[in-house]
Amino acid sequence: MTTQHPFSLAGKTGIVTGLANADSIAFGCARALHEAGAEMIATYGHAKAERHVTPLLEAMGHPELMLCDVQDEAQVEAVFQRAQERWGRLDFLIHSMAFANRDDLHGRVVDCSREGFAQAMDISCHSFLRLAQRAEPLMTAGGCLITLSYYGAEKVVPNYGLMGPVKAALEASVRYMADELGPAGIRVQAISPGPIRTRAASGIRDFEALAEDAEQRAPLRRLVSTEDVGRTAVFLISEAGQSLTGGTTYVDAGHHVKA
Ligand code: NAD
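Residues numbered from 1 in each chain as written. Predicted model: local features only at pLDDT ≥ 70, side-chain atom pairs only at ≥ 80, totals over all residues. Heavy atoms only, no water.

Taken together, 27 residues form the shell around the ligand, and within it Gly18, Ser24, Ile25, Ile196 and Thr198 come nearest. Side-chain polar atom of Lys167 to an oxygen atom of the ligand: 2.9 Å apart, as the coordinates give it. Between the ligand and Ile196 there is a distance of 2.8 Å, counted from an oxygen atom to a backbone nitrogen or oxygen. One can see that the ligand is located within the largest pocket. Among the residues forming the shell around the ligand, the class breakdown is 16 nonpolar, eight polar and three charged. (Near = heavy atom within 4 Å. Polar contact = N/O pair within 3.5 Å; in protein donor to acceptor, adjacent residues only side chain to side chain. 1 Å grid on protein atoms, 1.4 Å probe; cavity = no way out; pocket = protein on both sides within 12 Å on 5 of 7 lines; lining within 4 Å. Sits in = over half its atoms within 2 Å of the grid points. Nonpolar A, V, L, I, M, F, W, Y, C, P; charged D, E, K, R; others polar.)

Okay, here's the thing in structure tokens:
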């Protein structure tokens, strides 16, 4: 009998959301998960992304690709229906998405609109709860739910604005979800990467300055890659991560320890 390496994901099945293009953190995760042996359904949030995502299929091991706008209940339902049909169970889910409209993101938090705040919370935070609710009955042998956060959840980061309180709510949700789902062996985690040049990041004003500052001040004096995030996701999902839940794992070259 061969024993499986504790970092192997052979035989594990899951869903990776939030693909936009080759720069996406979701792509870094899907590629690393595939390399570790996992099988998955990969989803993109907007129809326009399909042409950017299709060329990436090979690197992700040809996952089934589905459109899934989290605000569209029918699309969300279809993804879990498909997982149920294909595998009858799930081992992991990665929630890698965020949205805030520019006016609200670029203004003061104090001034953000009621609608803009609600929309940012719905897409970037409450959607994780909705996906978890659907994943739970399929995680019959336990599982791992991962979301993506950022340091702006706990400290004021210039220009992160509205997303700061939204990510704070997301990290608090992770703690409550971990406690609620833990008895079923379902672990819940946030990964908090340092700045990475992605499409979402390009919506943050002066993102280049933020990235340069992180590079200079992080203990490792470098930025991180989507591959770094993906490998951390592999670890958290794998047997090796089986005693971790409820926390935020920083993949930021140590930046969060620096004042
Ligand atoms: P990205 O633009 O590649 O991914 C963002 C994704 O959110 C896109 O695929 C987009 O389609 C999706 N999305 C937006 N609205 C959606 C909706 N209604 N339904 C479904 N999907 C929707 O950028 P990214 O940087 O890879 O972002 C992924 C996650 O990582 C986000 O939660 C982001 O806040 C987080 N994050 C990013 C950084 C960074 O510096 N890039 C740092 C820390 C955390």
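Attention shifts here to the pattern of salt bridges. Across all of its chains, the model carries 14 salt bridges by this definition. For the salt bridge of Arg231 with Glu227, the shortest nitrogen-to-oxygen distance reads 3.1 Å. Remark: Glu227 and Arg231 occur in helix 8 (residues 226-237); sequence separation between them is four residues, near one turn of the helix. What you see here is one network of salt bridges that share partners, running through Glu39, Glu64, Arg82, Glu85 and Arg86. (Salt bridge = Lys/Arg side-chain N within 4 Å of Asp/Glu carboxyl O. Helix = DSSP H or I, 4+ residues; strand = E, 2+ residues; numbered from the N terminus.)

Moving on, we come to the sheet that holds strand 5 (residues 143-148). If you trace the seven strands from one edge of the open sheet to the other, you get 3-2-1-4-5-6-7, paired in parallel fashion. Strands with a single pairing partner mark the edges of an open sheet, and in this sheet they are strand 3 (64-67) and strand 7 (248-251). Neighbour to neighbour, the strand axes of the sheet diverge by 20° on average, direction disregarded. Sheet analysis places strand 1 (residues 13-19) next to strand 4 (residues 92-95), joined by three bridges and oriented parallel. Among the inter-strand pairings, Val16 is bridged to a residue of strand 4, identified as Ile94. Contacting strand 4, strand 5, strand 6 (186-193) and strand 7, helix 8 crosses the sheet at an angle of about 160° to strand 6. (Pairing = 2+ DSSP bridges. Axes fitted to C-alpha atoms, helices over the stretch in contact; angles between N-to-C directions. Contact = heavy atoms within 4.5 Å.)

Before going further, it helps to examine the UniProt feature "binding site: NAD(+)" (unreviewed entry) in the chain. Following the UniProt record, one finds the feature "binding site: NAD(+)" (unreviewed entry) at Gly18, Ser24, Ile25, Asp69, Val70, Met97, Lys167, Ile196, Arg197, Thr198, Arg199 and Ala200. In three dimensions, the annotated residues from a span of 183 residues occupy distinct locations, with a maximal C-alpha spread of 23.3 Å. Among the annotated residues just listed, those that line the largest pocket are Gly18, Ser24, Ile25, Asp69, Val70, Met97, Lys167, Ile196, Thr198, Arg199 and Ala200. We classify Met97 as buried; its relative accessible area is 17%. Leaving out residues up to four positions away in the same chain, Met97 has contacts with Thr17, Val70, Ile123, Ser124, Ser127, Leu131 and Lys167. Structurally, Thr198 can be placed in the loop between strand 6 and helix 7 (207-217). Thr198 gets classed as buried once you look at its relative accessible area, which sits at 15%. Apart from the residues within four sequence positions on either side, Thr198 is in contact with Asp23 and Ile25. (UniProt positions renumbered as here; feature names shortened; annotations may be inferred. Buried < 20%, exposed > 50% of the residue type's maximum accessible area, 1.4 Å probe, protein only.)

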